[in-house]
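Observations on the three-dimensional arrangement
What follows is each chain in one-letter form.
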Number of protein chains: 2
Amino acid sequence: MAKTLARSPLAPEGFPALPVIDGVRFATVQAGVRYQGRTDVMLALLDPGSVVAGVFTRSATRAAPVLDCQRKIGGEAPDGAAILVNSGNANAFTGKNGEEAVGHVTAAVAKATGLPDTRVFTSSTGVIGEPLKHERITAKLDELVEGLDPAGIESAAKAIMTTDTFPKGATAEVDLPQGRVKIAGIAKGSGMIAPDMATMLVYIFTDAKMSRTDLQGMISAINERTFNCITVDSDTSTSDTLLMGATGASGVEVGAQDSAFAEALEGVMLDLAHQVVRDGEGATKFVTIAVTGAESDADARTHALSIANSPLVKTAVAGEDPNWGRIVMAIGKSGAAADRDLLTIRFGDVLVAEKGWVSPSYSEEQGAAKMKQPEIEIGVDLGLGSGAATVWTCDLTHGYISINADYRS
Amino acid sequence: MAKTLARSPLAPEGFPALPVIDGVRFATVQAGVRYQGRTDVMLALLDPGSVVAGVFTRSATRAAPVLDCQRKIGGEAPDGAAILVNSGNANAFTGKNGEEAVGHVTAAVAKATGLPDTRVFTSSTGVIGEPLKHERITAKLDELVEGLDPAGIESAAKAIMTTDTFPKGATAEVDLPQGRVKIAGIAKGSGMIAPDMATMLVYIFTDAKMSRTDLQGMISAINERTFNCITVDSDTSTSDTLLMGATGASGVEVGAQDSAFAEALEGVMLDLAHQVVRDGEGATKFVTIAVTGAESDADARTHALSIANSPLVKTAVAGEDPNWGRIVMAIGKSGAAADRDLLTIRFGDVLVAEKGWVSPSYSEEQGAAKMKQPEIEIGVDLGLGSGAATVWTCDLTHGYISINADYRS
């Protein structure tokens, strides 16, 4: 993206202080893949003994680096692992050339780090359909390896940005009976997510000592309640990737049953997911949609996403219009079970509609006041069962149109 | 809608000359349901012997008039039929009050026309969730009945408009071995348009003599290829209604096997469907998406709608950006079968991508030239089978945001 975007009005005040995670080091470099005058490649190197787990886009047109990661992710990691990410070019829909580019990059990282090629994971984010200038990346590998720094995670968060208006980080420390462990994660993403420049990439690290199976099970389950519950524009990227590495450097063993660790990890993942929504292209409102009383959790999720992805709901939010009729419409079209006359709709704590019609206690002024807030909660109870789901989204504004229609991103 | 919108740049030159359909008369009136200074109620009265068939929204939160129509639509019609439509208020999500309002209106129409209540069909379109001021409509019924005119169909098309920027009509005459019959139809619709019939209202009339079963079968089948293949914003209305009346006044009998009649009717329905897209809120481009080579027709339709509803594709079209990467993304996210390396993408006759990458013959200038046209054809071949589908949509512009976020419609 040539044009510099103003920082999102929903951005957090600053980047959080992320702790050093023993066993992982970071480096960034200006490789000029596409952008000039900024870092665009980051390398994370995990020490021997680390395990790596991942979750990836389900797109049928996945990018070459995603396919390569998926092939490798199940393996053991006695030798450590490397994660190399470039911004500016997604290396997606680049045919055989794309796979060759991944091969060149992973081979070069393997050579520079002494790792086997099977322990090198890459991600690429940026424009689709243009060949990745992999030689610009491989030319910088020695510089990257020399620059590895345990405290380099904030620089890494900046190097992977595309249309993002702020770098995204989150952290947690967990005191377990067996000892203390730390979690630190970074993300990039600004739409759910545009293939040109705004794919979601997430990298999380912990010094906990975990089996790969336990780590994979934990992030897969939590992903369903965090990153898979956000939407900016209903458009799924070809490159979405979440990789998590556990270095074991703390010596503290964590298993699948350690709920305190899982809760802390969910907090980090949810925080990063919310930051992606807060940086949604053109966003001015952060919207929580909580659906209860559905026939099943799946039905609740279908309704919640139907509301979250409705252009008419999203424009009403942008216009600070308490247009609950559009919420009724979105429920009606979702395909999941609903009974018009059992519906209850709330804006925050304001009861808007119940029993198939506007509540006698509701006034337009109450609704309008809620809609003027930067953070809006839409509550829907279907009155049918105990299914529930919560999703997070942002509004649809002139800013989104400008970013995506007025010039090529 | 208070604000007057400029006529769509995609609008046809003028309203077509619709023929008189013997056996049906029209009247309109200014009832002040919500709008001032314009007609907002229309009555169509069909002579005894007419049959009426209908197709309705599948929304789970259907409006009261839709539910009433659905209850009545299967019956016989020895006495003729009446269709009364108001704009300005959708009488949707209005609880028991909504059903009572329909009861008041249909009873008054029955009384004024001498028809049984079961032969009175109503539609309402406009704001959701506000009580319908039915007394404003019933106060005008005598005036409506006095004003009935066989040539009043163009006025009827104007009275049912909401955010529409032009009235919509289409016609056909069919010479069958057994005689000549005429078809004339009108429609309204501009936003909340997605393939479960949008706030789209369509009324079609013919002087053919048909059984209700044959008429219903014909419109249901054709609806799947016409109105259910358009989308403006993926938002399905609570009020979509298509009613078709056959008066039999020509004395020409038409049956289910009369393919010339079915083809002419499909032409009328497709014309009206395209006019709805051409009046899509904020639209500046008319986009045809033709998908071939899918594993099934259903898969082809899933891909085509995924492309048509993608905000990123729609904003790229608005920006005249030949951003075929976004089309790859939309195919990848649709959930239907696709193989990245077998995909072929065309803009009109320009081959853009094939075999998983941009075509060697493609130049950005070629794509950009195609995107500057007001009518754009996106062709996708999946290379998997013989499934095919075509859908029609428009672009997503600042105009859509202005209409839906800047003030309440």
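Within any chain, residue numbers begin from 1 and follow the written order of that chain's sequence. Chain letters and ligand numbers both follow the written order, the letters beginning at A and the numbers at 1. Selection of residues for local features in this predicted model requires a pLDDT of at least 70, selection of side-chain atom pairs for listing and counting requires 80 or more, and totals for whole chains, interfaces and linings are taken over all residues. To obtain the side-chain values, all non-hydrogen atoms of the structure were used and water was disregarded.

Going by an unreviewed UniProt entry, chain A carries the name Arginine biosynthesis bifunctional protein ArgJ and comes from Allosediminivita pacifica. UniProt positions are given in the numbering used here, feature names are shortened, and annotations may be inferred rather than shown by experiment. The annotation that UniProt attaches to chain A under Sequence similarities (unreviewed entry) is "Belongs to the ArgJ family." Checking UniProt for chain A, the heading Function (unreviewed entry) contains the comment "Catalyzes two activities which are involved in the cyclic version of arginine biosynthesis: the synthesis of N-acetylglutamate from glutamate and acetyl-CoA as the acetyl donor, and of ornithine by transacetylation between N(2)-acetylornithine and glutamate."

Details of the interface of chain A and chain B
When the parts of a complex come together, some accessible area is lost, and that lost area is often taken as the interface size. Every residue pair with non-hydrogen atoms within 4.5 Å of one another is taken to be in contact. Counting from both sides, the interface comprises 61 residues of chain A and, opposite them, 58 residues of chain B. Once two parts are joined, some of their accessible surface, as seen by a 1.4 Å probe, is lost; buried area is that loss totalled over both. Here chain A meets chain B over a buried area of about 5000 Å², counting both sides, of which 59% is carbon and sulfur. Here, a salt bridge means any Lys or Arg side-chain nitrogen found within 4 Å of an Asp or Glu carboxyl oxygen. Taken together, the connections running from chain A to chain B amount to two salt bridges. Of the charged contacts, one joins Glu99 of chain B and Arg340 of chain A as a salt bridge, the two residues approaching to 2.9 Å between their closest N and O atoms. Two N or O atoms count as a polar contact when they lie within 3.5 Å, although within protein this holds only if one can serve as hydrogen donor and the other as acceptor, and sequence-adjacent residues are included solely when both atoms are side-chain atoms. The interface formed by chain A and chain B includes six residue pairs in polar contact (both at pLDDT 80 or more). Strands are runs of DSSP state E lasting at least 2 residues, helices are runs of H or I lasting at least 4, and numbering of each runs from the N terminus. Going through the elements one at a time, α1 (64-72), α2 (95-113), α9 (311-318), α10 (324-333), β14 (357-358) and α12 (398-406) of chain A are the ones with two or more residues in the side of chain A that touches chain B. Split by residue class, the side of chain A that touches chain B holds 27 nonpolar, 21 polar and 13 charged. In this count, Pro and Cys sit with the nonpolar residues alongside Ala, Val, Leu, Ile, Met, Phe, Trp and Tyr, while Asp, Glu, Lys and Arg are called charged and the others, Gly among them, polar.

Some remarks on the sheet that holds strand β8 (residues 201-206) of chain B
All names here are of chain B. Strands are treated as partners if at least two bridges between them are detected by DSSP. The strand order across the open sheet formed by five strands is β3-β10-β8-β7-β6, and the pairing between neighbours is mixed. Both outer strands of the open sheet, β3 (51-56) and β6 (168-176), are each paired with one neighbouring strand and no more. Across the sheet, the axes of successive neighbouring strands diverge by a mean angle of 15 degrees, strand direction being ignored. Relative to strand β10 (residues 241-246), β3 runs antiparallel, the two being bridged by six bridges. Along β10, the bridge assignment pairs Val52 with Gly245. Against the sheet, helix α6 (residues 212-225) touches β3 and β10, its axis set at about 30 degrees to β3. Simply put, an axis is a line fit to the C-alpha atoms, just over the touching stretch for a helix, and the angle between two N-to-C directions goes from 0 to 180 degrees.

So, the sheet that holds strand β4 (residues 81-89) of chain A
Residue and element names in this part refer to chain A. Ordered by their spatial adjacency, four strands build an open sheet running β1-β2-β4-β5, and the pairing between neighbours is mixed. Each having just a single partner strand, β1 (24-29) and β5 (120-127) make up the two edges of the open sheet. Adjacent strand axes in the sheet meet at a mean angle of 10 degrees, parallel and antiparallel pairs treated alike. Contacts between α2 and the sheet are confined to β2 (41-46), β4 and β5, with β5 contributing the most and set at about 135 degrees to the helix.

Examining the UniProt feature "binding site: substrate" (unreviewed entry) in chain A
UniProt annotation of "binding site: substrate" (unreviewed entry) refers to Thr162, Lys188, Thr199, Glu281, Asn404 and Ser409 of chain A when read in the numbering used here. By secondary structure assignment, the location of Asn404 of chain A is in helix α12.

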